[in-house]
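Coordinate analysis (summary)
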Amino acid sequence: MTIIEARDIPTLPLLYKLKKLTAVEDGTNLPGDLVDLDAIPEPSNELNGRIGYIRSDITKMRVDAIVNAAKQSLLGGGGIDGVIHRNAGPDLVKECRTLGGCPTGSAKITDAYQLPCKKVIHTVGPIYSPSSHAACEEKLASCYATSLAVAAANGCRTIVFPCVSTGIYGYYSELAAPVALSAIRKFLVQDTAHRIDKVVICTFEQKDVIAYNKFIPYYFPPQPEDTPSQKKDGETGDQIAPALAQSLAEALPSPPTTEPSNPEHVGKKQKLKQGDETNNETSPPPQKSRSMLDV
Ligand code: AR6
């Protein structure tokens, strides 16, 4: 099992340099589904350096805390919840039984047992329903804000988020990513005491990679020196040396090469019905194709 160390998770300045992320072009109209953003903010290397971004299995990270996309009972389930419980071992559910569940939008912390991380923060995302879009947005933002507050209160300086609610709970990735990015940005801007060093966004499925690649440059735009220069040969500039870029790229952990195949994940996504959870939300609709969400 390859464990990924917190310090090895690439941050945004490096990903811009390596062209894994691309700045929004000048004059581009802002997409309609940005959350709490009516203009692209000033670039900040300080903020960008505190955001990690990786496509990986969250259970392989040696960080202070990973976030679990849990259900209200906190007693385990399918998807990432199932993987986290399986890898942590049976003591995790024993501790979870003492917590009395968790409301949608909130978060609770436990030990991590056999996982390489120190703590697990269990948050309960909303089951997405277009008819209660605003309420879903508020609850999803609250998952990220509360998890960050819980991490800070418990001395967790590195925290990794999965794409909460975008699996079994049916939140469209292109709607969820701006909510998550907005909440993370707000927290970091207000975290003047610098209680958290690194907030990592961990994607797993391609649809979430596409959504974050699109929205990260709006919420965390690159400093000009982080974007590879377009200058011609012979001109001086900030262009990263190709050999250095190559060696940095090779040092990045490999993302999964296939889509996840957790049997619970697929099965539950189709089977979840109204009333499966006690939060009075409706069951998730099937994911729309990307073209329906494109702006
Ligand atoms: N590492 C990182 N991300 C993962 C992994 C992994 N190993 N496995 C899945 N994901 P989901 P939800 C991503 O369905 O939508 C459970 O039954 C996945 O691609 O796990 O919040 C709970 O008990 C997706 O982007 O959680 C609840 O009942 C994200 O994790 C319900 O599912 C969340 O997908 C919660 O549904």
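To keep things clear, this report deals only with the structure shown in the data block. (Residues numbered from 1 in each chain as written. Predicted model: local features only at pLDDT ≥ 70, side-chain atom pairs only at ≥ 80, totals over all residues. Heavy atoms only, no water.)

**Some words on the site of the ligand**
Around the ligand, the structure places 24 residues, and the nearest of them are Gly78, Ile80, Asp81, Thr166 and Ile168. Coverage of the ligand by the protein chains reaches 99% of its 700 Å² of free accessible surface. Only strand S4 (65-70) and helix H3 (79-88) provide two or more residues apiece to the shell around the ligand. Looking at the shell around the ligand, the element that brings in the most residues is H3, giving four residues. Per-class residue counts for the shell around the ligand are nine nonpolar, nine polar and six charged. (Near = heavy atom within 4 Å. Areas by Shrake-Rupley, 256 points an atom, 1.4 Å probe, with all protein chains shown as cover. Helix = DSSP H or I, 4+ residues; strand = E, 2+ residues; numbered from the N terminus. Nonpolar A, V, L, I, M, F, W, Y, C, P; charged D, E, K, R; others polar.)

**A short note on the environment of Lys139**
With respect to the element layout, Lys139 can be found in helix H5 (residues 133-153). By relative accessible area, Lys139 is classed as partly exposed at 32%. For the pair formed by Lys139 and Val124, sequence separation is 15 residues and the distance between their alpha carbons is 8.8 Å. (Buried < 20%, exposed > 50% of the residue type's maximum accessible area, 1.4 Å probe, protein only.)

**Here we look at the environment of Asp33**
Summarising the element assignment, Asp33 is placed in the loop between helix H1 (12-17) and helix H2 (45-48). Overall, Asp33 belongs to the buried group, its relative accessible area being 16%. Between the alpha carbons of Asp33 and Val179 there is a distance of 9.3 Å; along the sequence they are 146 residues apart.

**Section: the packing of H5 against helix H6 (residues 173-190)**
Remark: H5 packs on H6, axes separated minimally by 9 Å, with the N-to-C direction vectors making an angle of 40°. With respect to H6, the axis of H5 lies oblique. Of the two elements, H5 crosses H6, and the hand of that crossing is right-handed. Seen from H5, the contacting residues are His133, Glu137, Leu140, Ala141, Tyr144, Ala145, Leu148, Ala149 and Ala152; seen from H6, they are Leu175, Ala176, Val179, Ala180, Ala183, Ile184 and Phe187. Partitioning the contact of H5 with H6 into residue classes produces 14 nonpolar, one polar and one charged. (Axes fitted to C-alpha atoms, helices over the stretch in contact; angles between N-to-C directions. Parallel < 35°, antiparallel > 145°, perpendicular 65-115°, else oblique. Left-handed = near helix turned anticlockwise from the far one by under 90°. Contact = heavy atoms within 4.5 Å.)

Purely geometric numbers; function is a separate question.
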